[in-house]
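Results of the structural survey
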Amino acid sequence: MEFELTADDLVAYNLYGFRTNPAMKRQGEIYRVGSSLLVLAALALLAAMVGLVMEGVVIGAVIALILWLLWPEIWLWVAKRSAMHLAKSGGLGVPGPCRLWFDEDGVHDATSTGTSSVGWHGIDRIEQDSDHAFIFVGPAEAYVIPKRIGEAPVREFLDEVRLRIPQLAS
């Protein structure tokens, strides 16, 4: 299978990981709680300094609640901006032509920067979103396949790969 891997594909993979990786989700929740409590405490403290404790607590609670509710969108926005910045600087990988294939030994890819291979036992899982398929070869490392090359070829490729992965066959 041959396709053009774009910077947008690399950003999409990172955002997918950001939304689905348990460690990233946990970190986002920690920041959500921490930032909400920090806003509440800071406004209550400032209000106490001017003698308006109750008003500061109420205003702080309202703003903390708004932050709590908006946090998932804020967190995703921060992740998207970070991934786009990394993509522009080349920190997510090198976009360009990509050839992905499998044989009796495993899955292989060839890009302008070289070739990589992973044996069948090294494939952790296969996941998808609406625009990409990901063949994970580690907790946070995957081959990225854009579905814009065609739903049928991607599905057929993944079906064949799944048949060869011992840990996913059962």
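It should be noted that the structure appears before, not after, this text.
Residues numbered from 1 in each chain as written. Predicted model: local features only at pLDDT ≥ 70, side-chain atom pairs only at ≥ 80, totals over all residues. Heavy atoms only, no water.

To continue, consider the sheet that holds strand β4 (residues 114–119). Hydrogen bonds between backbone atoms are what pair the strands of a sheet, whose relative direction is either parallel or antiparallel. The strand order across the open sheet formed by four strands is β1-β2-β3-β4, and the pairing between neighbours is antiparallel. For this open sheet the edge positions go to β1 (2–5) and β4, each flanked by a neighbour on one side alone. Here the average twist between neighbouring strands, direction ignored, is 25°. Summarising the sheet, strand β2 (residues 96–103) and strand β3 (residues 106–111) pair through five bridges and their orientation is antiparallel. Its bridge partner lying in β3, W101 is registered against H108. The strands touched by helix α4 (residues 151–164) are β2 and β3; relative to β2, the strand with the most contacts, the crossing angle is about 40°. (Pairing = 2+ DSSP bridges. Helix = DSSP H or I, 4+ residues; strand = E, 2+ residues; numbered from the N terminus. Axes fitted to C-alpha atoms, helices over the stretch in contact; angles between N-to-C directions. Contact = heavy atoms within 4.5 Å.)

With 25 residues, the main nonpolar core has V107, I123, I135, I145, L158 and V161 as its most contacted residues. Elements with a contribution of two residues or more to this core: β1, α1 (7–20), β2, β6 (132–138), β7 (141–146) and α4. Core analysis: the next-biggest nonpolar cluster, separate from the first, contains nine residues, V11, L67, W75 and A87 among them. (Core = buried A, V, L, I, M, F, W, Y, C linked by side-chain atoms within 4.5 Å. Buried < 20%, exposed > 50% of the residue type's maximum accessible area, 1.4 Å probe, protein only.)

Where charged atoms from two side chains of opposite charge come close, those side chains can pair. According to the stated counting rule, one finds seven salt bridges in the structure shown. Residue E29 is joined to R32 by a salt bridge in which the shortest nitrogen-to-oxygen separation is 3.5 Å. A residue pair is termed a helical-turn pair when its members lie 3 or 4 positions apart in one helix, as E29 and R32 do in helix α2 (residues 22–49) at three residues. Via salt bridges that share partners, D124, R125 and E127 belong to a single interconnected network. (Salt bridge = Lys/Arg side-chain N within 4 Å of Asp/Glu carboxyl O.)

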